[in-house]
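# Topology and contacts: notes
Residue-level listing of the chains:
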Amino acid sequence: MNDDVRNIVLGVAATAISGGFGWFARTYLWRRALRRKQAFFGLPTGSDCLFVVNRQMGGTDRSVHRNDAFALLEISALIKDCGANLQILTHDESRQGFGERAEFCVGGPVSNARTAAHLASMLPGVRVDLSTEPGPGRGSITVGGESYLWQRGQAEYVVLARLTAGPGTRPVFLISGQTAISNQAGARFLARNHVELARRHGGSSFCLLLKVVNSDAYGPDVTELLADVTGAALTPVAAAV
């Protein structure tokens, strides 16, 4: 074998080895990211999860606002990436406990009875005004001694929480917005920021307050993380006073 042939063979071998290492590294990083994503959402491959939808305000018990349907699409992509199976239930069909399967519950307590139950049992420090008559306090969210008022089309707030019943249980993701578009904004925020949320909170429970800015102009796209209210949200109001 002359020098030219030897150099060609060595070059091909080096390229193959380099490509193999590159493929292995990319595969390893992809699998590690997937495992972290599955752990954060409680969605191992082949597992089942629930998506609990609310009813449309002013509509029938079976109607769903289109923005809440868009929230479902935002989350269903995450579930598909994790290789899990999705079961969709309306809020009045989901009469079961939590912790055995991951759950995504969307909608405020007025339109979603399961949200009301989760707030009462797992976020006792969060209060939502349930009045249906027009007024300045309608739909307001109170936590940590601060009240956040709904300003139609200008400032809308949503509670985004990851809640667990204890070690070894699957999480509940609660997206409780003041409007359907804020529900979609909360789902989109979760989809876009789950890596940072997992890095920051790990497998722990957390509760965030988000602000949707000028939805009349920007829809659900401009959403700010207003505050991490985990401590206040997990503390019963009577005990916090």
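You'll find the structure just up there.
Our subject in this report is the structure included herewith.

Basis of the calculations
Residues numbered from 1 in each chain as written. Predicted model: local features only at pLDDT ≥ 70, side-chain atom pairs only at ≥ 80, totals over all residues. Heavy atoms only, no water. Helix = DSSP H or I, 4+ residues; strand = E, 2+ residues; numbered from the N terminus. Contact = heavy atoms within 4.5 Å. Areas by Shrake-Rupley, 256 points an atom, 1.4 Å probe, with all protein chains shown as cover. Buried < 20%, exposed > 50% of the residue type's maximum accessible area, 1.4 Å probe, protein only. Expected span 1.5 Å × (residues − 1). Phe/Tyr/Trp six-rings, centres within 6.5 Å; stacked < 30°, edge-to-face > 60°. Core = buried A, V, L, I, M, F, W, Y, C linked by side-chain atoms within 4.5 Å. Pairing = 2+ DSSP bridges. Disulfide = S-S within 2.5 Å.

Turning to the overall build of the protein chain, a few remarks are in order. Scanning the protein chain from N- to C-terminus turns up seven helices and ten strands. Partitioning the contacts of the protein chain with sequence separation of at least 6, the portion at a separation of at least 24 is 65%. Entry remark: accessible area of the protein chain is about 12,500 Å², with carbon and sulfur atoms responsible for 55%.

Further remarks concern the environment of Ser147. With respect to the helices and strands, the residue Ser147 is situated in strand β6 (residues 146-148). The class for Ser147 is partly exposed, based on a relative accessible area of 46%. Expressed as a C-alpha distance, the spacing of Ser147 and Asp129, which sit 18 residues apart in the sequence, is 9.9 Å. Among residues more than four places away in sequence, those in contact with Ser147 are Ile141 and Thr142.

Between its terminal C-alpha atoms helix α2 (residues 66-82) stretches 25 Å, which fits the 24 Å expected from 17 residues at 1.5 Å a residue. Taken residue by residue, α2 has Asn67, Asp68, Ala71, Leu72, Glu74, Ile75, Leu78, Ile79 and Cys82 as its buried positions. One or two residues past the end of α2 sits Gly83, with phi positive at roughly 75 degrees.

According to the stated counting rule, one finds seven aromatic pairs in the structure shown. On the basis of an interplanar angle of 75 degrees and a centroid distance of 5.0 Å, the ring pair of Phe40 and Phe41 is categorised as edge-to-face. Taking relative accessible area as the criterion, Phe40 reaches 3% and is therefore assigned buried.

Membership of the largest hydrophobic core comes to 27 residues, with the highest contact counts inside it found for Phe41, Leu43, Ile75, Phe104 and Leu190. Of all the secondary-structure elements, those providing two or more residues to this core are α1 (3-41), β1 (48-53), α2, β3 (102-106), β7 (155-163), β8 (172-177), α4 (180-201) and β9 (206-213). Those residues in contact with Leu43, other than ones at most four positions away along the chain, are Gln38, Cys49, Ile79, Cys82, Ala84, Ala102 and Phe104.

Two pairing modes exist for strands in a sheet, parallel and antiparallel, and in both the strands are linked by backbone hydrogen bonds. Read from one edge of the open sheet, three strands run β4-β5-β6, paired in antiparallel fashion. Of all the strands in the sheet, just β4 (127-128) and β6 have a single pairing partner and so form its edges.

Before going further, it helps to spend a moment on the environment of Asn214. Position of Asn214 relative to the elements: it lies in the loop between β9 and α5 (215-218). The sequence separation of Asn214 and Arg152 amounts to 62 residues, and the corresponding C-alpha distance is 8.7 Å. When near neighbours in sequence (up to four residues on either side) are disregarded, Asn214 contacts Gly153, Gln154 and Gly219.

This structure, assessed with the given rule, holds zero disulfides. For the unlinked cysteine Cys49, the closest cysteine sulfur is that of Cys82, found at 8.8 Å. Since its relative accessible area comes to 1%, Cys82 is described here as buried.

Moving on, we come to the pairing of β7. A large share of β7 lies buried, amounting to nine of its nine residues. Taking every second residue as pointing to the same face, both faces of β7 are buried, with Ala155, Tyr157, Val159, Ala161 and Leu163 on one and Glu156, Val158, Leu160 and Arg162 on the other. Across six bridges, β7 lies against β8 in antiparallel orientation. Its bridge partner lying in β8, Arg162 is registered against Phe173.

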